[in-house]
Amino acid sequence: MLEALQYDFMRNALVAGILAATACGVIGVYVVVKKIASISGGIAHASFGGIGLGFLLGINPVLVALFFALASALGMGIVSRRTSLPQDTVIGIFWAVGMALGVIFIGFGPGYAGNLFSYLFGNILLVPTSDLALMLILDAVIASVVFLFYKEFLAISFDEEFSAVVGVPVESLYLTLLCLVALTVAVLIRVVGIILVIAMLTIPAAVAKQFTYNLTKMMLLSSLIGIIIVLCGLWLSYELDLASGATIVIVGGALFAVSFGLRGLATRKRPVAQPS
Amino acid sequence: MASEELVSLRDVWVYYGNVAVLEGVNLSIKQHDLLGIIGPNGGGKTTLLKVILGLVKPSSGEVAVLGSTPQRNRKFIGYVAQNSLVDRDFPMSVWEVVLMGRYGKVGLIKRFSDDDKKAAYKALETVEMLDYKDKQIGRLSGGEQQRVFIARALVAEPKILLLDEPTTGVDTRVQTKFYELLARLKQSMAIVLVSHDISAVSIHVDKIACLNHRLYYHGSKEVGPEILEATYRCPVEMIAHGVPHRVLKEH
C-alpha cells in the first residue's frame, strides 16, 4: 500500500477518506442519538436527482447533488413537522421522487453516463483534487456550526419538548441539523456513494456510543473509527481488487458486529440493574 | 389571603380536531399553592399543563401567567414531564441534563456561566443528587431520574412548578421522600401536581381539583363523592377500591 502512495489518485483517496470520516464522525453521532437515520437515508437518495442534473448540465454532479440534498432535507423536515403526515411516508416520497428525477435527467443527457456507478456506490480512487477542496469547505462548515450550537443540538436530541419550554428554537435547529446531514452526504458521495452513505452515518457513531456517554468524546471517537474503517477498506479493496465503497462499508459492518459482540460479553458479566 | 395570582385560566376550551379535551376550564394558582389535579387518563391533565406552558394554544378562553402570555412568562415555570427519558443509552450526564434548565437564561450559542453552574449545583443539592452528577442519566433508577428532572426544572429558579404524573413507576418509599421534597419547595414556589393516583396525591397536597374535560375545583382538599363521581363518570367505589372515604382524610 505504501508504494501506492506515489500515485496522485491514491494520495487523493487518503485525504478524501479522512475528510469524509471526520464529517460522518461528527454528524453521525447526531444521526444515531437523535434517531434520524431514515430521514438521512432519504436525504442521501433524493440527492441523486442532483447527480442526474449535474450530468445533464455538465456541472460537477456532487455540487448539484449538494443543493438537492439541502432542498430535500428542508422539504422533508418542514413537511413532516408541519403536517400530520407520518414522517416515514414523507421520507419514502422524497426518497423515490429524488431518485426518479435523477434517472429522467440522465435520460435527457448526452449519450452514455459512464461513471454513474461511482456516484451510486462510491469510488474513492476517482476523487479529483477539485472535489477535495469542496469536501474541505463542507467539513469546515459542519465543524463550525456544530461548535456554535453544541448545547442546543444536545438539548433537542435529548428532549425536544423541554427544550421548547426553555425557549430553544427547536424546529429551526432541527432543520439546521438536517442541512448538516445534507452537507455530510455531499462529502461522502465520492467515497461510498449515495446508496452506501447511510452506513458511514451510522456505523462509526454506533460503535463509539458503546464506549462513552460524553457527546464530544463520542464525536472524536467515531471520527477516529471512521478513519480506520475507510483506510482498512481502501487497503483491502486495493489488495483484493474489490469495489472500494462496498469494501469500506463491509469493513464497517464487521467492526460493528465485533464491538457489539464484545460489549455483549462485557455486560453479561456485569448486569445493569433495571429500575423498579 | 391576599397572595399573588400566578396563573389564571378563564373559560379555556381546547379541541383536538373535533374532540373537546378541555371544556370551559377555570383555574387560579396562587403563591405557595400545592395543588393536586386528579382525573382519569385521557381526561386532559397533560393538556392542561401544556396550556399553562403555552405549548398548546386554547381554541378559546384566556390564559395568563404572571399577568402576561404563557409564551412570554414561560421562563418562570419549571416543568417535569411524564416519562421524560426514552433512550437509556443516551450520551448525556446528570450534570448536562440539569444545565438544560438554564438554556432560557443563557441564550443561543453562548456558553454556560459560573452562575449557571452554581445554580445547577444548588438544584442537585436540593434534590440530594449531587453525588450522581457525573453519572450517565439513563443508568439511574426511575426515582433518581425523576429527581434529576425536578432539579432541571428548579435550576431556572421558577415561581411555578408543574409536575406531570411524577410518581409513576416509583416505589412507596421514594414517593414519601418525593412529597417531603415538595413540602420544602412549596416555601418558595407554587406547585401543581397532576396524577391519576388519587390516594397518594390527596394525602400530600393542600388543594385538589378533579379534571375530566371539565375542572371541578373547590379550593379545598375535601372532595365529596359526588364530585369524584362527576369527574370519573363511574361509581367512586371503582376508583377507591371500595373504600371511598379512605381516599381522603378521615372526616
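Residues numbered from 1 in each chain as written. Chains lettered and ligands numbered in written order. Predicted model: local features only at pLDDT ≥ 70, side-chain atom pairs only at ≥ 80, totals over all residues. Heavy atoms only, no water.

**Q** Even after reading the chapter, I still don't get the overall build of chain B, so can you show me in this structure?
**A** Secondary structure assignment for chain B yields ten helices and nine strands. Here the contacts in chain B between residues at least 6 apart in sequence split such that 67% fall between residues at least 24 apart. Carbon and sulfur atoms make up 51% of the accessible area of chain B, which totals about 11600 Å². (Helix = DSSP H or I, 4+ residues; strand = E, 2+ residues; numbered from the N terminus. Contact = heavy atoms within 4.5 Å. Areas by Shrake-Rupley, 256 points an atom, 1.4 Å probe, with all protein chains shown as cover.)

**Q** Is there a simple way to explain the packing of aromatic side chains in this structure?
**A** Given two aromatic rings, their pairing is described by the distance between the two centres and the angle made by the two planes. Residue and element names in this part refer to chain A. One pass over the full model with this rule turns up eleven aromatic pairs over all chains. With a centroid separation of 5.4 Å and an interplanar angle of 20°, the aromatic rings of tyrosine 7 and phenylalanine 9 are classed as stacked. A relative accessible area of 41% means that tyrosine 7 is categorised as partly exposed. Under the relative-accessibility criterion, phenylalanine 9 is labelled partly exposed at 35%. (Phe/Tyr/Trp six-rings, centres within 6.5 Å; stacked < 30°, edge-to-face > 60°. Buried < 20%, exposed > 50% of the residue type's maximum accessible area, 1.4 Å probe, protein only.)

**Q** For this particular structure, what's the right way to read the confidence of the model for chain B?
**A** Where the model shows low pLDDT, its predicted coordinates should not be examined in detail. Residue and element names in this part refer to chain B. When pLDDT is averaged across chain B, the result is 83; 84% of the residues are at 70 or more. Across chain B, element-level confidence peaks in helix 3 (residues 94–99) with a mean pLDDT of 96 and bottoms out in helix 10 (residues 236–239) with 39. Note that pLDDT drops below 50 for residues 234–251; the model gives that stretch 23 contacts with residues more than four away or on any other chain. Scored by ipTM, the complex comes to 0.87, with pTM at 0.89. (pLDDT = per-residue confidence, 0-100.)

**Q** Where do I start with the side chain of A:Ser157 in this structure?
**A** Relative to the helices and strands, A:Ser157 is located in helix 8 (residues 150–158). Residue contacts for A:Ser157: discarding those within four places in its chain leaves A:Tyr30, A:Val33, A:Lys34 and B:Phe90.

**Q** I'm lost on the sheet that holds strand 7 (residues 190–195) of chain B in this one. Help?
**A** In sheet architecture, strand pairing relies on hydrogen bonds along the backbone and comes in two forms, parallel and antiparallel. Residues and elements named next belong to chain B. Taken in spatial order, the six strands make up an open sheet running 5-6-7-3-8-9, and their pairing is mixed. Each having just a single partner strand, strand 5 (77–80) and strand 9 (214–217) make up the two edges of the open sheet. Averaged over all neighbouring strand pairs, the angle between strand axes comes to 20°, with direction disregarded. Relative to strand 7, strand 6 (residues 160–164) is paired through five bridges, and the arrangement is parallel. Bridged to aspartate 164 within strand 7 is valine 194. The sheet strands contacting helix 1 (residues 45–53) are strand 3 (34–38), strand 5, strand 6, strand 7 and strand 8 (207–212), and the helix crosses strand 6 at an angle near 155°. Across the sheet, helix 7 (residues 172–185) touches strand 3, strand 6 and strand 7, and the angle it forms with strand 7 is around 150°. (Pairing = 2+ DSSP bridges. Axes fitted to C-alpha atoms, helices over the stretch in contact; angles between N-to-C directions.)

**Q** I would appreciate a short explanation of a nonpolar patch on the surface in the present structure.
**A** Residue and element names in this part refer to chain A. A cluster of nonpolar side chains, contributed by Leu57, Ile59, Leu63 and Phe67, occupies part of the molecular surface with about 380 Å² of accessible area. Mapped onto the elements, leucine 57 comes out in helix 3 (residues 48–57). Its relative accessible area of 52% is what places leucine 57 among the exposed residues. (Patch = residues over 30% accessible without salt bridge, like charges linked within 9 Å, V, L, I, M, F, W, Y side chains within 5 Å. Salt bridge = Lys/Arg side-chain N within 4 Å of Asp/Glu carboxyl O.)

**Q** When you look at the pattern of salt bridges in this model, what are you seeing that I'm missing?
**A** When the charged atoms of two side chains with opposite charge come close together, those side chains can pair. Within the structure shown, the criterion is met by 20 salt bridges over all chains. Of the charged contacts, one joins B:Lys50 and A:Glu161 as a salt bridge, the two residues approaching to 2.8 Å between their closest N and O atoms. Of this pair, B:Lys50 sits in helix 1 while A:Glu161 sits in helix 9 (residues 160–165), on two different chains. By relative accessible area, which is 22% here, B:Lys50 ends up partly exposed. A relative accessible area of 27% means that A:Glu161 is categorised as partly exposed. Where salt bridges share partners, they join A:Lys34, A:Arg81 and A:Glu160 into one cluster.

**Q** Please clarify how the interface of chain B and chain A should be interpreted in this entry.
**A** Interface size, as often reported, equals the accessible area lost upon joining of the parts. Counting residues at the interface gives 39 residues for chain B and 31 residues for chain A. Between the two partners, chain B and chain A, sit three salt bridges. Here B:Asp89 makes a salt bridge to A:Arg263, at a shortest N to O gap of 3.6 Å. For the pair chain B and chain A, the interface holds eleven residue pairs in polar contact (both at pLDDT 80 or more). Counting only elements with at least two residues in the side of chain B that touches chain A, the list comes to helix 1, helix 3, helix 4 (103–106) and helix 6 (142–154) of chain B. The residue inventory of the side of chain B that touches chain A, partitioned by class, reads 17 nonpolar, nine polar and 13 charged. (Polar contact = N/O pair within 3.5 Å; in protein donor to acceptor, adjacent residues only side chain to side chain. Nonpolar A, V, L, I, M, F, W, Y, C, P; charged D, E, K, R; others polar.)

**Q** Would you mind going over the state of the cysteines with me for this structure?
**A** Here, the word disulfide means a covalent bond between the sulfur atoms of two cysteines. Considering all chains together, one arrives at zero disulfides over all chains under this definition. Free of any disulfide, A:Cys24 has its nearest cysteine sulfur in A:Cys232, 14 Å distant. (Disulfide = S-S within 2.5 Å.)

**Q** I would appreciate a short explanation of the side chain of A:Ser163 in the present structure.
**A** Here A:Ser163 is to be found in helix 9. By relative accessible area, A:Ser163 is classed as buried at 0%. Ignoring sequence-local partners within four residues, the contact set of A:Ser163 consists of A:Ala155, A:Ile156, A:Val168, A:Val170 and B:Met100.

**Q** In this structure, what is going on with helix 1 (residues 8–33) of chain A? I would like to understand it.
**A** Residues and elements named next belong to chain A. With 26 residues, helix 1 should cover 38 Å at 1.5 Å per step; its first-to-last C-alpha distance of 37 Å lies within 8% of that length. The largest bend in helix 1 amounts to roughly 30° and is located at isoleucine 27. Counting buried positions along helix 1 gives 19 out of 26 residues, so the element sits mostly inside the fold. Lysine 35 lies just past helix 1 and shows a positive phi near 55°. (Expected span 1.5 Å × (residues − 1). Bend = angle between axes of the 7 residues up to and from the residue.)

**Q** Teacher, can you tell me more about the pairing of strand 3 of chain B here?
**A** Strand residues, when the strand is regular, have side chains that alternate between the two faces of the sheet. Residues and elements named next belong to chain B. Most of strand 3 is tucked away: five of the five residues are buried. Taking every second residue as pointing to the same face, both faces of strand 3 are buried, with Leu34, Gly36 and Ile38 on one and Leu35 and Ile37 on the other. By the bridge criterion, five bridges tie strand 3 to strand 7 in an arrangement that is parallel. Bridge assignment links leucine 35 to a residue of strand 7, and that residue is valine 192. Looking at chain direction, strand 3 and strand 8 are connected through four bridges and run parallel. Across the sheet, the residue bridging to isoleucine 37 is alanine 209, located in strand 8.

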